[in-house]
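Here are the chains, one letter per residue:
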Amino acid sequence: MDTYRGIAGKKRRVRLGWEQLGWIALGTLACILGAVGVDLVLFANDDPDVKARVFFSAIVLPILLAVPLLTFLVMKISELKILNSVLVEIAETDSMTGLLNRSKFAEVASLQLREAAGSEVALLVIDADHFKQINDLYGHHAGDTALISVARCIFREVGGNGLVGRLGGEEFGVAVAEINLVDAWDTADRIRVAIADIDFRPGGNRHEITVSIGVTVARDVADFGAVFRDADARLYEAKAGGRNMIKIGSHGEQSMATSSDLTDALQKARAVSYTQPRAHEPV
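Residues numbered from 1 in each chain as written. Predicted model: local features only at pLDDT ≥ 70, side-chain atom pairs only at ≥ 80, totals over all residues. Heavy atoms only, no water.

A. Just the overall build of the chain, in detail. Looking only at helices and strands, one finds 8 helices and 7 strands in the chain. The buried share of the chain, taken over its 283 residues, is 41%. A separation threshold of at least 6 residues defines the contact pool for the chain, and within that pool the share at least 24 residues apart is 70%. Carbon and sulfur atoms form 57% of the exposed surface of the chain, whose accessible area is close to 15,400 Å². (Helix = DSSP H or I, 4+ residues; strand = E, 2+ residues; numbered from the N terminus. Buried < 20%, exposed > 50% of the residue type's maximum accessible area, 1.4 Å probe, protein only. Contact = heavy atoms within 4.5 Å. Areas by Shrake-Rupley, 256 points an atom, 1.4 Å probe, with all protein chains shown as cover.)

Encoded structure:
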């Protein structure tokens, strides 16, 4: 048996590696030694011809019986390990995008915050603008395609430097450790620009996808919930401010007075130009 189809039809290869082959060999050897030992006791006084036949059978029979039985057992154990990995994957990831799901993202991001002693962690909450229009105009399949494109875009821009998850619906989260306000802003803006550049063409016509992003940079804060609420509030500021934009703030002792002041300062410092969205009815 070479292929095992686990939960949700996912194919998983069952291969016997050196470790599995070693267990099969050791198990077979143990069976042979056990059979030979028993025969030495039971047939100690028999003539040499009988002993030879008995010892031959004590070696051959374990090989004929133990090898296939042990191989079957080892492969079943491997299947169980694969099934367990599939269950873990299902429990921790979003089935559509392959990103971490909300609960796993919150768990790992909380750990990052707890371990960020003396350094800063940025939490980004990203929400697609007017996403309901895609579903209404082109159908839910097109909406799913758009979500997958957005997820891939965010993951590509963040790379291996941060944590990316789907928080639900068209909302995504990013957590990046050891990052300052300016770099957090740059990360958010790279994501914003890259998503606006997605060539999404449902029905053959390009439909622009934009996102609003709320960013909070926290230092020495263990409460993920508090940081998330701050980032979520920044997101709503971005939505209220015209969408397709970023609002950023800091959380902790050195928190800025308003995220708008900080956003304006960073925008001027980094010479970021916003692409203002066309007028749409609110989602």
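B. Examining the pairing of strand β4 (residues 162-168) more closely. Judged by how many residues are buried, β4 sits mostly within the fold: 5 of 7 residues are covered. Examined bridge by bridge, β4 and strand β5 (residues 171-177) share 6 bridges and lie antiparallel to one another. Considered in β5, the bridge of G162 is made with V176. A loop of 2 residues connects β4 with β5, the two strands running antiparallel in sequence, and G169 in this loop sits at a positive phi of about 55 degrees. (Pairing = 2+ DSSP bridges.)

C. Looking closely at the packing of aromatic side chains. This structure, assessed with the given rule, holds 2 aromatic pairs. When the centroid spacing of 6.5 Å and the interplanar angle of 70 degrees are considered together, the rings of F105 and F224 count as edge-to-face. With F105 in helix α3 (residues 102-114) and F224 in helix α7 (residues 224-240), this pair connects stretches of sequence that are 119 residues apart. F224 matches F105 in its accessibility class, with the two residues each being buried. Ring pairing ties together the aromatic residues F105, F224 and F228, which thus form one cluster. (Phe/Tyr/Trp six-rings, centres within 6.5 Å; stacked < 30°, edge-to-face > 60°.)

D. Spatial organisation of helix α6 (residues 181-196). For α6, spanning 16 residues, the distance from its first C-alpha to its last is 23 Å, which sits close to the expected 22 Å at 1.5 Å a residue. Buried within α6 we find A184, W185, D186, T187, A188, D189, I191, R192, A194, I195 and A196. Structurally, the start of α6 carries an N-cap: the backbone nitrogen of V182 is 3.2 Å from a side-chain oxygen of N180. (Expected span 1.5 Å × (residues − 1). Polar contact = N/O pair within 3.5 Å; in protein donor to acceptor, adjacent residues only side chain to side chain.)

E. Region of interest: the pattern of salt bridges. Under the defined criterion, the tally for this structure stands at 12 salt bridges. The salt bridge partner of D199 is R206, with a shortest N-O separation of 3.9 Å. One continuous salt-bridge network, built from bridges that share partners, spans E92, K104 and E107. (Salt bridge = Lys/Arg side-chain N within 4 Å of Asp/Glu carboxyl O.)

F. Summary view of the sheet that holds strand β3 (residues 120-128). With mixed pairing, 5 strands are arranged side by side in an open sheet as β4-β5-β3-β6-β7. The open sheet terminates on both sides in strands that have one partner only, identified here as β4 and β7 (246-251). The mean angle between the axes of side-by-side strands here comes to 15 degrees, regardless of whether they run parallel or antiparallel. Of the strands in this sheet, β3, β4, β5, β6 (211-219) and β7 are in contact with α7, which crosses β6 at around 145 degrees. (Axes fitted to C-alpha atoms, helices over the stretch in contact; angles between N-to-C directions.)

G. Molecular detail of a nonpolar patch on the surface. Judged by side-chain polarity, W23, L26, L29 and L33 come together as a nonpolar surface patch covering roughly 470 Å² of accessible area. Within the element layout of this structure, L26 appears in helix α1 (residues 18-42). (Patch = residues over 30% accessible without salt bridge, like charges linked within 9 Å, V, L, I, M, F, W, Y side chains within 5 Å.)

H. Layout of the environment of I154. Relative to the helices and strands, I154 resides in helix α5 (residues 140-158). Spatially, the C-alpha atom of I154 lies 9.8 Å from that of T187, the residues being 33 residues apart in sequence. I154 has contacts with I126, V164, F172, V174, I191 and I195, leaving out every residue within four places of it along the chain.

I. Geometry of the packing of α3 against α7. Contact geometry of α3 with α7 gives a least axis separation of 9 Å together with a crossing angle of 110 degrees. Compared by their axis directions, α3 and α7 come out roughly perpendicular. Here R102, F105, A106, A109, S110 and L113 of α3 lie close against α7, whose contacting residues are F224, V227 and F228. For the contact of α3 with α7, the class distribution of residues is 7 nonpolar, 1 polar and 1 charged. (Parallel < 35°, antiparallel > 145°, perpendicular 65-115°, else oblique. Nonpolar A, V, L, I, M, F, W, Y, C, P; charged D, E, K, R; others polar.)

J. Up close: the side chain of H207. Counting through the fold element by element, H207 comes out in the loop between α6 and β6. Setting aside residues no more than four positions away along its own chain, H207 makes contact with I134, L137, Y138, F200 and P202.

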